[in-house]
Every structure is written in C-alpha cells, then in structure tokens.
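Examining the three-dimensional arrangement
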Amino acid sequence: MTAPLPPSFSGRLRELTSHRATWPLLALAVILVVDGFVAPGFFTIRIVEGRLFGSLIDILYRAVPTALVALGMAVVIGTKGIDLSVGSIIAVVGATIAWRIQEGDPHFVILLTALGVGLLCGLWNGFLVAVLDIQPIIATLILMVSGRGIGLMINLIYGGTNPSFTSPLLQGLSVGSIGLVPTRLIVFAAVFVALWLLIRRTALGLFVEAVGGNAAAADLAGVRSRLIKYSAYLISGLCAGWAGVILTADTHTSDPVSVALYIELDAILAVVIGGGSLAGGRIYLGMTVLGALVIQTLTTSILMSGLPPEYNLLVKAVVVLFVLLLQSNNARNAVLALVRRRKR
Amino acid sequence: MYKTFAAVFLGVSLAASGASAVTIGFSQVGDEGDWRPAFSKDMQEEAKKMGIDLKFADAQGKQEDQLKAVRAFIAQRVDAIVIAPVVVTGWDQVLKEAKRANIPVFLADRDVDVTDKSLYVTRISADFSLEGKLAGAWLAQASKGTCDVVELQGTVGSAPAIERKKGFEAVLSQFPGMKIVKTQSGDFTTEGGKKVMEAFIKATDNLKGICASFAHNDNMQLGAIQAMKEAGLKPGKDVLMVSVDYVPAMKAALAKGEANASVELRSAIGKYIYPVVTDYLKNPKELPKWIVIPSDLHVAAGN
C-alpha cells in the first residue's frame, strides 16, 4: 500500500468544480459584481428606522417568500412530485387572513388559522397524489387553477375587494424587525432549521429520497411511500402558508388575483439551480436557498439597473440560461474542448 | 359558456315581457379586478333606471364566448349591441354579420382593430392618455415646472400603461425642468409597486432629489407609500404622489395626506353610454369614432 499522494492543484480544482455549490455561487458573485458597476452604493448597508437598510438586505428580505416556497418544493420534488399550487395557496391564505381579521379573531389565532389553511391545501394535494394516485402535475394544477378563485370568494364573504387591514402581530412578523434584523429573516431561519432537522436528523429525508428514486423499490423495502408523499405535500403546504402570511402582511391587503403570481415557477427554478433533479431522489435544502438568492439577486438587480421594463423578462431568461449552462457538465466540457482546439 | 347561455336565456324571456322598450345586448369582458364588476353593475342599474331592456353576457375573458354572445344578440334581433372587447383583433366577421342584420354596434372601454371603421358606430370610453396628461399637468403646477419623477408603470405592453405614460410624457416635454429619472413596471399591483419603490429608494439614495412619484394606478402607489414609510420617508410631503384610478383606499390616503392627487377612472359610465345609443337609434347619423368620457382629478385637502 502506498501512502495517498498529497492532492495536486489540478486535483483540488477538479474537486472544487465538481462541488455542487461552486457554480451557483459563482453565478451569484458574477451578478453581484455587475451590480457593483451598474448601481453605485449597491453594497452600502446603513441603519434606517432602527434596522438594516440597503440593497443586499433587500435581496435577503425579498427572497424570503420564494425561498420558503422553494424549501417545500424541494421536498416535493425529492419525491419525484411537483407542487404547482403554491401561489394559489398563498392567495387563499391571504384571503383567509383578511377575512378573519375583519371578523375580529385574536391575531395569534389568525396566524394559526393561516398556517392551518396552508396545511389543509397540502392535505388536499397529498390526497390527490398519494391516495388517488393522480400525477402530481395535474393533481396540483387543480388547486393552482381554482385557488385564486377560492380566494376571491372568501373576499366576497364580507364584500371586500382588495381589503386592507392592520395587524401588529402579522405585520411584525413580515415587515418588522427584532433588533437590527428584519423579523422575516428570523422566521425563515427558524423554518429552515426545523425543516433541516426533520429531513436530515430523522429518517424522513432518506425515505423521501428513496421514494423519489424508486417508489416501488422503496415500498418493497418497507418504506410507506404513500405516507412519505403525503407528508411532502403537507410540508409544501405549510411552507406556502408561511409565505402567504409574510406576503399578505407585507402589503396588508388580500389580492388573490395577483399575489405571488408565478411564484411556483421561481420556486421550481430555485430547486433546479440548487442542484435538485425533477426526476426526484435528491433534496438539497441549503442549495435551494442559494438558488432562491440567485433569482432574487437577479430580480433586484433588474429593478436597480434602470433598464426599460420591457427587457425585464428577457434579461432574466438570459441570465437563468447562463446559470444553467454554467452548471451543465456537457456545456462546460464542450466549451473547454472548443478552447483547446483553438489553442492547437 | 354556461353563463352566456343563462344570460341569453334570460334575455329571451325578458324580450318576451317588455316588447316596446329599447333592447340592448351588452357583451362584457368578464369580472376581473375592482373596476370591471363595478362597471357591469352600473350598466345593469342604469339600464333599469332608463327603462332599457338589457341583455347582459359575461365572456369570462374569452373572445370565443364574446363572439357567441354577439351572434346570439343578432339572432334575437336586439335594437343595438354594446361590446366591451376582450381583445382588439378578430372582429371583422361578426361585426359584418351585425351590419347585415342592421343592428348598430357600439364599443365601450377598449378599442377594436377592423379594416372597415363603418362596422361600428362609435367607441365610448375614457382616454388613458388624457389621464396621464391630467396627472402631468397637476404635477407641473404643483412643482412649478421643475421635478425629477420616478414612474411606476403598469403591466408592460398593456394599453393603459402605454397610453398613460404617453400622455404624462407629453405634458412633461413642455417643461424643460421636468423629467422621468427612474421607471419600472409594478404590474398594476400593490406588491409590485412596493418592491419597485424599495429598489428606487436604494438606487436614488433615499429618493434624494426626487420630487414626485407617478403611478399608472392607485394600487401600485399604495404599495409605494408603504415602502416609503418603512424607509422613514413621508410620502405626500417629501415626495409628491400622483396616480390614476381613485379607488377607496386612495381616497383614504388622500385624506391622510400620504398622497396628493389621483385621476378618477369612472366605473359609473352607463349614463354616458346609453344616451349615445338611444339617441342614435332615434336619429341615426354619423358620429365621431371616439366619444371620450371625461376624467376628474381629485387632490388631497391640503393642496
């Protein structure tokens, strides 16, 4: 037996380039560097109204709803499923909050009700997917299509259109701050840690990945795949519930038609940028948050840049394509091969 | 579709009961947002008041439903048809059918794009560009002609966003001291307006040197007001706030002095539409192709 050689530089480089966090981090760094040139003072952080204030804080602050939804999505995608209904769940949660506040419920009860509505939506999705065995994309499409209508109906219960409200508790959770730190970042950290413990410190994560990898094999191995799928949609519903609380309290109105429109697409994108595979079998929670940060950094950059709004979506598409190309082994190898041929 | 049939069925039964009254078929886009349901309700109430037999069909945002409704109106031989079109294209055929049946067609709200303009009598609607001009004119006098403006645009490519921007810029072009320094789309939503204003606040070092915020609708402006308050700014005082719609929440903001002016987009416009139709039925003569419903500017008490 020979002693293992000290890792060479190229070996280390290979190790680094093959680490899944490298490429999304690189993309994030590139976007931030561009921002530094485009928007002077982009990296300045000051204290305004007793809390941290600056574009970087904005990015973290605004990424929270997408990141929350993406965490739930990561678990669902881990089971080889997908949850298209998250935006609609947020709409229903928002309408419920506005309605219950109008009815005069105590606000901590409303918080619990709102999260309960998220869970209830997850229960519905889980029933369709795990019990009735409907394909996830269609099963969750049902709530995606109908949810915003349900939200409008709830608003109509008391005759409100875009009803607005005040709630010290809910607004405190969304736009308030504890010390210098925005409360929603703390809420997010708490949800993240709880989910991480649940996924990585119990067997649930392993079961989810087993079910996503091969549900039949997992079943034969004694994993109750239906139950695992069910719990994934519940987690997604609860995460969307939290996002709904934060988004609704942010503008303190219920606007079911447009709140969190297309958030499901950003969430799926965050999971994929984070290295998740739509074929299931993997969950990367931390990487998913990184993916959400890449997306929000891009969004904030576009808003800061002064670019005409007609180009917003185009710029976003080009940058996302760039990030995905960076992550693609095949694309990188093709570019490398091209460069080598040129040299010769 | 079900709704259309129901409306048509209801229409038939109504037509049987009120033989002498003027019968008008009204094909509405749908019931999205705050403004359109209010518009539909006003059309129905105003018809009742004026003794008009109204057949109302909701197209639920689909042009095919709207074409079906118009054809049903033609089959029932209504006296006139009012259309609030879902989209601008694809109207030539059905309008020709109406013309062949000698039923005059009026447009409400949005425009249509037809090769033969004689296929409809006239369009009766508010003028988005005029709304932008009114906002600009108010701002010009409030700022004495010197003002750096941040603009919250509506959904990119939508007619109100394009026209309000055009009208606003037309006024600004008359004042060398006035210009738009930042513009972004907030998609006509509170959430969008808030996000965009947050970014503007960072990009302009707490709106330093910014004298006004012009939003293409009130919802976005209400979001901008929240963002400014959270950044410790005083909207309505540090920065002049002018927008379009005059929704109830904006009335409250104007009363509190957090906004300065809002141009009203009227939803009670039946009283402008029906007289044009009934006058034309009594005395069919050439009308201008566009009849503009006036817009009002509402300002905060202290202004």
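See above for the structure.
As a convention, each chain's residues are numbered from 1 in the sequence order in which they are written. Labels follow written order: the first chain is A, the first ligand is 1, and so on. At least 70 in pLDDT is required for a residue's local features to be given in this predicted model, at least 80 for side-chain atom pairs to be given and counted, and no such filter applies to totals for whole chains, interfaces and linings, which use all residues. Only hydrogens and water are removed before side-chain values are computed, so all heavy atoms of the structure are retained for them.

A short note on the state of the cysteines
- Here, two cysteine sulfur atoms that lie within 2.5 Å of each other are counted as a disulfide. Applying the stated rule across the entire model yields 1 disulfide over all chains.
- Here cysteine 147 of chain B engages in a disulfide with cysteine 211 of chain B; their sulfurs sit 1.8 Å apart. A torsion of -100 degrees about the S-S bond marks the disulfide between cysteine 147 of chain B and cysteine 211 of chain B as left-handed. Here cysteine 147 of chain B, found in strand β6 (residues 146-153), pairs with cysteine 211 of chain B, found in the loop between α7 (190-203) and β8 (212-215); they are 64 residues apart in sequence, far enough to count as distant.
- Between buried and exposed lies partly exposed: a residue is buried under 20% and exposed over 50% of the maximum accessible area for its type, with that area taken using a 1.4 Å probe on protein chains only. Judged by its relative accessible area of 18%, cysteine 211 of chain B falls in the buried class.
- Cysteine 121 of chain A takes part in no disulfide bond, and the closest cysteine sulfur to it belongs to cysteine 239 of chain A, at a distance of 13 Å.
- Among the residues examined, cysteine 239 of chain A registers a relative accessible area of 5% and is labelled buried. Secondary structure elements follow DSSP: runs of H or I no shorter than four residues count as helices, runs of E no shorter than two count as strands, and numbering proceeds from the N terminus.

Some thoughts on the sheet that holds strand β11 (residues 290-293) of chain B
Residue and element names in this part refer to chain B.
- Two strands are counted as paired when DSSP detects at least two bridges linking them. Pairing is parallel across the open sheet formed by 6 strands, whose spatial order is β2-β1-β3-β4-β5-β11. The open sheet has two edge strands with one neighbour each: β2 (53-58) and β11. Each strand of the sheet is rotated relative to its neighbour by a mean of 20 degrees, with strand direction disregarded.
- Across 3 bridges, strand β3 (residues 80-83) lies against strand β4 (residues 105-108) in parallel orientation. Looking across to β4, one finds that isoleucine 83 is bridged to leucine 107.
- In what follows, residue pairs with any heavy atoms lying within 4.5 Å of each other are defined as contacts. Orientation is described by axes fitted as lines to C-alpha atoms, over the contacting stretch for helices, and by angles from 0 to 180 degrees between their N-to-C directions. Here helix α3 (residues 63-75) sits on the sheet and contacts β1 (23-28), β2 and β3; the angle it forms with β1, its principal contact strand, is near 175 degrees.

Quick word on the pattern of salt bridges
- Any carboxyl oxygen of Asp or Glu within 4 Å of a side-chain nitrogen of Lys or Arg constitutes a salt bridge here. Applying the stated criterion across every chain yields a total of 26 salt bridges over all chains.
- Linking arginine 36 of chain B and aspartate 109 of chain B is a salt bridge whose minimum nitrogen-to-oxygen distance equals 2.7 Å. Of this pair, arginine 36 of chain B sits in helix α2 (residues 35-49) while aspartate 109 of chain B sits in the loop between β4 and β5 (122-126), and the two are 73 residues apart along the sequence. Considered together, arginine 36 of chain B and aspartate 109 of chain B belong to a single accessibility category, that of buried residues.
- Ionic pairing is found between lysine 165 of chain B and glutamate 169 of chain B, a salt bridge with its closest N-O pair at 3.0 Å. Of this pair, lysine 165 of chain B and glutamate 169 of chain B are both found in helix α6 (residues 159-172), 4 residues apart, which corresponds to roughly one turn of the helix.
- Using a relative accessible area of 19% as the deciding quantity, one classes lysine 165 of chain B as buried.
- In this structure glutamate 169 of chain B comes out as partly exposed when scored by relative accessible area, which is 34%.
- Several salt bridges share partner residues, and in doing so they unite Arg51, Arg62, Arg184 and Asp250 of chain A together with Lys194, Glu198 and Glu230 of chain B into one network.

A closer look at the interface of chain A and chain B
- Across the boundary between the two partners, chain A contributes 29 residues, which contact 27 residues of chain B.
- Two parts lose some accessible area (1.4 Å probe) when they are put together, and adding that loss for both gives the buried area. Summed over both sides, the interface between chain A and chain B buries roughly 2,300 Å², with carbon and sulfur atoms accounting for 51% of that surface.
- Across the chain A-chain B interface, the total number found is 5 salt bridges.
- Distance and chemistry together define a polar contact, namely a pair of N or O atoms within 3.5 Å, with one atom able to donate a hydrogen and the other to accept it when in protein, and with adjacent residues in sequence counting only for side-chain atoms on both sides. Between the two partners, chain A and chain B, sit 9 residue pairs in polar contact (both at pLDDT 80 or more).
- The dominant element in the side of chain A that touches chain B, judged by the number of residues it contributes, is helix α3 (residues 55-78) of chain A, at 4 residues.
- Note on residue categories: nonpolar means Ala, Val, Leu, Ile, Met, Phe, Trp, Tyr, Cys or Pro, charged means Asp, Glu, Lys or Arg, and polar means any other residue, Gly included. Classifying every residue of the side of chain A that touches chain B gives 12 nonpolar, 9 polar and 8 charged.

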